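Architecture and fold: a report
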Amino acid sequence: MDWRDEGIVLGIRPHGETSVILDVLTASHGRHAGVVRGGVSRKIAPLLQPGADLDLTWRARLEEHLGAFTVEPLKSRAVLLSDRRALAGLNAVTGLLRFALPEREVHEGLHERTAALLDMMGDSPFWPIAYVRWEVALLEALGFGLDLSACAVTGSTEGLVYVSPRSGRAVSEAGAGEWAERLLPLSPALLGQGTGSGDEIVAGLAVTGHFLSASLQPAMGDRPLPEARARLVDLLGRA
Amino acid sequence: MSDATREIEALIEMMAKLPGLGPRSARRAVLHLIKKRSRVLMPLAEAMRVVGETARECLNCGNIGTSDICDICQSEKRRNGEICVVEDVADLWAMERGGAFKGRYHVLGGTLSALDAVGPEDLRIPKLVDRVTAEEVTEVILALNATVDGQTTAHYIADLLESRVRVTSLAQGVPIGGELDYLDDGTISAALRARKSV
């Protein structure tokens with residue numbers, strides 16, 4: 001068995017004295033793990049930093065085996081190391097993917113979306129809006145998608161200001177009525193709009209955070225969400 | 001198998017657990033030790049006994065020494081007011097080999113790691129914060145690895161301390177003897193950002 005693909009490093013774990021088990025998000029094979037022999041060497045270890053893009057060749061005798069990777073660097077994201085907020089973003093992305101994604105389950109477009117977000121972190125000050133949208137996309141990929149296109153009560157596409165904490169559907173001011181206090185504010189960041197201010201971003205992350213906790217977390221055996229996400233929310237809230 | 005052989009086998013098994021040694025190299029090392037009994041084996045056994053009985057972590061900085069407070073923390077020749085923060089004792093030894101730093105150290109005992117569930121409370125970060133206040137520190141130098149975990153830890157500590165003390169970190173860039181052609185793009189970018197007048 002063997003295949004070749006592109007992958008984003010999510011993390012590594014030591015395997016014996018000289019090897020590591022590499023955890024990657026690939027374009028066509030989903031989240032996948034494999035041994036990298038000599039992965040702690042001075043030559044290979046720097047390539048295996050979380051967020052790096054790799055050209056991967058996976059080989060195993062049988063499909064169900066852990067298998068071994070050979071790796072070639074495509075893109076280092078070392079530029080994020082010196083930016084406090086971007087590094088917190090990178091940690092939140094890799095932490096959430098490791099937390100939420102089952103291995104060897106293909107999620108169309110998630111690799112491309114993640115790579116685009118990580119590229120943006122190094123380039124654009126507006127990446128927090130893209131991060132909020134990425135969390136929405138992650139929830140969707142895992143079957144907990146939000147529907148922000150129209151009001152769940154009136155069907156209107158105008159004046160959407162709330163999100164239902166139960167259904168994940170948008171609600172307009174008119175549709176909310178006396179239930180408004182129980183609904184989550186719909187931040188423009190959730191729609192990829194707005195100014196990208198700290199308040200908008202934190203409000204958007206409060207909505208995605210609610211569904212990560214209320215929907216995804218129970219499905220993952222009630223394990224706590226990655227601490228890295230809480231640190232990112234804290235940092236973005238201070239901006 | 002005789003008792004003596006069994007004991008030698010036990011020694012080989014213990015040696016094989018050391019980093020860098022497998023069963024074959026452990027066997028060679030044990031054979032060498034037995035052949036050089038008086039010159040190597042007995043002094044080594046005595047040195048290991050002494051270190052086994054006396055080695056301990058410095059209560060102040062986390063360095064390893066043979067007393068509760070290590071030689072560096074006790075030294076009056078060291079500059080007060082500067083603390084160099086390192087991940088583990090091996091990094092402290094590496095800094096000392098360079099001989100360029102004359103201040104004090106603080107060993108964290110690891111880095112923040114989401115994968116290994118290592119949080120701030122698992123490291124010696126609270127002790128560092130206490131030392132900054134108690135020792136009238138003016139500068140904290142973060143000498144942590146240029147990895148995601150190392151730099152995440154550096155930013156976390158900087159966030160905690162930068163309101164009360166100057167926080168700096170080691171420069172990143174072209175190593176001495178390094179050739180640009182062999183450097184990764186991240187290192188070249190970091191070196192370019194940290195460029196200086198010649």
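Residues numbered from 1 in each chain as written. Chains lettered and ligands numbered in written order. Predicted model: local features only at pLDDT ≥ 70, side-chain atom pairs only at ≥ 80, totals over all residues. Heavy atoms only, no water.

Selection criterion: UniProt positions are given in the numbering used here, feature names are shortened, and annotations may be inferred rather than shown by experiment.
Under an unreviewed UniProt entry, the name given to chain B is Recombination protein RecR, and the organism recorded is Kangsaoukella pontilimi. According to the UniProt record, the Function (unreviewed entry) comment for chain B reads "May play a role in DNA repair. It seems to be involved in an RecBC-independent recombinational process of DNA repair. It may act with RecF and RecO." The heading Sequence similarities (unreviewed entry) in the UniProt record of chain B holds the text "Belongs to the RecR family."

In the annotation of an unreviewed UniProt entry, the entry for chain A reads DNA repair protein RecO, and the organism field reads Kangsaoukella pontilimi. Here is the UniProt Sequence similarities (unreviewed entry) comment for chain A, exactly as written: "Belongs to the RecO family." Regarding chain A, the relevant UniProt record gives this comment under Function (unreviewed entry): "Involved in DNA repair and RecF pathway recombination."

**Description of the UniProt feature "domain: Toprim" (unreviewed entry) in chain B**
For clarity, the threshold we go by: To qualify as a helix, a DSSP run of H or I must reach at least 4 residues; to qualify as a strand, a run of E must reach at least 2; elements of each kind are numbered from the N terminus.
Summarizing the sequence annotation, UniProt attributes the feature "domain: Toprim" (unreviewed entry) to residues 81-175 of chain B in the numbering used throughout. Counting secondary structure, residues 81-175 of chain B comes out at 36% helix and 18% strand; the distance between its end C-alpha atoms is 28 Å.

**Examining the side chain of B:E87**
Here is the rule: The contact criterion used throughout is that any non-hydrogen atoms of two residues lie within 4.5 Å.
Summarising the element assignment, B:E87 is placed in the loop between β3 (82-86) and α5 (89-98). Those residues in contact with B:E87 that lie beyond four places of it in its chain are B:V107, B:L108, B:G109, B:G110, B:T111, B:L144 and B:N145.

**Section: the sheet that holds strand β4 (residues 104-107) of chain B**
All names here are of chain B. This is how it is decided: Between any two strands, at least two bridges found by DSSP are needed for them to pair. Axis geometry follows a simple rule: fit a line to the C-alpha atoms, using only the stretch in contact for helices, then measure angles between N-to-C directions, giving values from 0 to 180 degrees.
Across the sheet, which stays open at both edges, the 4 strands sit in the order β4-β3-β5-β6 with parallel pairing between neighbours. With one partner strand each, in any of the chains shown, β4 and β6 (166-169) form the two edges of the open sheet. Strand-to-strand, the axes of this sheet are offset by a mean angle of 25 degrees, without reference to chain direction. By the bridge criterion, 4 bridges tie β3 to β4 in an arrangement that is parallel. Directly across from C84, in β4, lies its bridge partner Y105.

**Section: the domain arrangement of chain A**
All names here are of chain A. How we decide: Each domain's extent was defined by an automatic or database domain assignment. Accessible-area loss on putting two parts together, using a 1.4 Å probe and summing over both, is the definition of buried area adopted here. Salt bridge, as applied in this entry: a Lys or Arg side-chain nitrogen positioned within 4 Å of an Asp or Glu carboxyl oxygen.
Along its sequence, chain A is organised into domain 1 (2-76) and domain 2 (79-148 + 186-238). Using only C-alpha atoms to locate each centre, domain 1 and domain 2 end up separated by 23 Å. Contacts between the two partners involve 25 residues from domain 1, matched on the other side by 17 residues from domain 2. Across the domain 1/domain 2 interface, buried area totals approximately 1600 Å², and carbon plus sulfur atoms make up 57% of it. Contact with domain 2 buries surface across domain 1, with L10, L25 and R31 losing the most and accounting together for 38% of the total. Our enumeration of links across domain 1 and domain 2 arrives at 1 salt bridge. The salt bridge partner of K75 is D119, with a shortest N-O separation of 3.0 Å. For the side of domain 1 that touches domain 2, the leading source of residues is strand β1 (residues 2-15), giving 6 residues.

**Notes on the nonpolar core**
Threshold: The definition of a nonpolar core used throughout is a set of buried Ala, Val, Leu, Ile, Met, Phe, Trp, Tyr and Cys residues joined through side-chain atoms within 4.5 Å. For every residue, the accessible area (1.4 Å probe, protein chains only) is compared with the maximum for its type, and the residue is labelled buried under 20%, exposed over 50%, or partly exposed between those bounds.
The biggest cluster of nonpolar side chains holds 55 residues, and the ones touching the most others in it are A:V93, A:L97, A:M121, A:Y131, A:W134, A:L138 and A:V163. Elements with a contribution of two residues or more to this core: β1, α1 (84-100), α2 (110-123), α3 (127-141), β6 (160-163), β7 (170-172), α5 (198-219) and α6 (227-238) of chain A. When residues in this core are grouped by element, the largest group, 10 residues, is from α1(A). Shared between two domains, this core takes at least three residues from each, and those domains are domain 1 (2-76) and domain 2 (79-148 + 186-238) of chain A. Those residues within four positions of A:L138 in sequence are excluded, and the remaining contacts are A:L96, A:L97, A:L101 and A:L110. Membership of the second largest hydrophobic core comes to 18 residues, among which are B:L108, B:V132, B:L142 and B:A154.

**Some remarks on the pattern of salt bridges**
Within this structure, the stated rule accounts for 18 salt bridges over all chains. As a salt-bridge pair, A:R31 and A:D23 come within 2.7 Å of each other at their nearest N and O atoms. With a relative accessible area of 4%, A:D23 lands in the buried category. With a shortest N-O distance of 3.3 Å, B:R166 and B:E139 are connected by a salt bridge. Of this pair, B:R166 sits in strand β6 while B:E139 sits in strand β5 (residues 139-142); the two residues are 27 residues apart in sequence, bridging distant segments of the chain. On the basis of relative accessibility, which here comes to 53%, the residue B:R166 falls in the exposed class.

**Structural notes on the sheet that holds β7(A)**
Residues and elements named next belong to chain A. Spatially, 3 strands are ordered β7-β6-β8 in an open sheet, and the strand pairing comes out antiparallel. Each edge of the open sheet is held by one strand with a lone partner, namely β7 and β8 (184-185). Looking at chain direction, β6 and β7 are connected through 3 bridges and run antiparallel. When the bridges of β7 are listed, Y162 appears paired with V171.

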